[in-house]
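In case you want the letters, here they are:
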Amino acid sequence: MTTTTTPSTRTTARTRSRIRTALSWVVQLGLALQFASGGLLKLFGDAQMTAMFDEIGVGQWLRIVVGCLELAGAAGLLVPQLARAAAVGLVALMIGATVTNVAALGTSPALPLVFLLLAAAVAVLRRGHR
């Protein structure tokens, strides 16, 4: 049995694809801004970031590493060929942030979980894109 596609079916598929791409870009841009600003605050030694990493107790080297990873993830989200990989990397980073918030800082994991879910959404939306 063969299936045929009508012009309206192709138009609907194209429209859905465009909506999916637009939604992905909106989320990607928002995440890129968030992670770039957070990464820069960490790299420039913002007092609040320095204090937070002191409280974590593993040293300031982790602040620098996390800042670099956040900046790399933010940049990757803006490059279509790298967006999915960057989103997956940011998911991993946010898993670590969630665990750190709960285990080391005793704070709510809500914010890193939101970013984790948004990055996961980008990874799914970018599936199949080059």
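Quantities reported herein were computed from a predicted structural model and do not represent experimental measurements.

## What about the overall build of the protein chain?
Then, in step 1: Per the secondary structure count, the protein chain includes five helices and zero strands.
Then, in step 2: Reading the protein chain from its N terminus to its C terminus gives the helix and strand order α-α-α-α-α.
Then, in step 3: Scaling as 2.2 N^0.38, a compact globule of 130 residues should have a C-alpha radius of gyration of about 14 Å, whereas the protein chain reaches 18 Å, well beyond that.
Then, in step 4: Summarising its shape, the C-alpha atoms of the protein chain cover approximately 65 × 25 × 20 Å along the three principal directions.
Then, in step 5: Residues classed as buried in the protein chain amount to 29% of the 130 residues present.
Then, in step 6: Counting contacts in the protein chain only where the partners sit at least 6 residues apart, residues at least 24 apart contribute 63% of the total.
Then, in step 7: For the protein chain, the computed accessible surface area is about 8,000 Å², with 69% contributed by carbon and sulfur atoms.
Then, in step 8: In the protein chain, 11 positive and 4 negative side-chain charges are present, and the distance between their average locations comes to 33 Å.

## Observations regarding the pattern of salt bridges
Then, in step 1: Tallied over the full model, the rule gives one salt bridge.
Then, in step 2: With its nearest N and O atoms 3.1 Å apart, the salt bridge here joins Glu70 to Lys42. Placement of the pair is Glu70 in helix α3 (residues 61–77) and Lys42 in helix α1 (residues 7–43), with a sequence separation of 28 residues. Each member of the pair, Glu70 as well as Lys42, is classed as buried.

## Observations regarding the packing of helix α4 (residues 83–105) against helix α5 (residues 110–125)
Then, in step 1: Packing of α4 against α5 leaves a shortest axis separation of 8 Å and a crossing angle of 160 degrees. Put simply, α4 runs roughly antiparallel to α5. In this structure, the crossing between α4 and α5 has a hand that is left-handed. On α5, the residues touching Ala83, Arg84, Ala87, Val88, Leu90, Val91, Met94, Ile95, Ala97, Thr98 and Asn101 of α4 are Pro112, Leu113, Phe115, Leu116, Ala119, Ala120, Val122 and Ala123.
Then, in step 2: Here the residues of the contact of α4 with α5 are counted per class, giving 16 nonpolar, two polar and one charged.

## Section: a nonpolar patch on the surface
Then, in step 1: A surface patch of nonpolar side chains, amounting to about 320 Å² of accessible area, comprises Leu29, Leu78, Val79 and Leu82.
Then, in step 2: Examined against the element boundaries, Leu82 turns out to sit in the loop between α3 and α4.
Then, in step 3: On the basis of relative accessibility, which here comes to 45%, the residue Leu82 falls in the partly exposed class.

Rules of the game
- Residues numbered from 1 in each chain as written.
- Predicted model: local features only at pLDDT ≥ 70, side-chain atom pairs only at ≥ 80, totals over all residues.
- Heavy atoms only, no water.
- Helix = DSSP H or I, 4+ residues; strand = E, 2+ residues; numbered from the N terminus.
- Rg over C-alpha atoms; globule rule 2.2 N^0.38 Å.
- Buried < 20%, exposed > 50% of the residue type's maximum accessible area, 1.4 Å probe, protein only.
- Contact = heavy atoms within 4.5 Å.
- Areas by Shrake-Rupley, 256 points an atom, 1.4 Å probe, with all protein chains shown as cover.
- Lys, Arg positive; Asp, Glu negative; His and termini not counted.
- Charge placed at Lys NZ, Arg CZ, Asp CG, Glu CD.
- Salt bridge = Lys/Arg side-chain N within 4 Å of Asp/Glu carboxyl O.
- Axes fitted to C-alpha atoms, helices over the stretch in contact; angles between N-to-C directions.
- Parallel < 35°, antiparallel > 145°, perpendicular 65-115°, else oblique.
- Left-handed = near helix turned anticlockwise from the far one by under 90°.
- Nonpolar A, V, L, I, M, F, W, Y, C, P; charged D, E, K, R; others polar.
- Patch = residues over 30% accessible without salt bridge, like charges linked within 9 Å, V, L, I, M, F, W, Y side chains within 5 Å.

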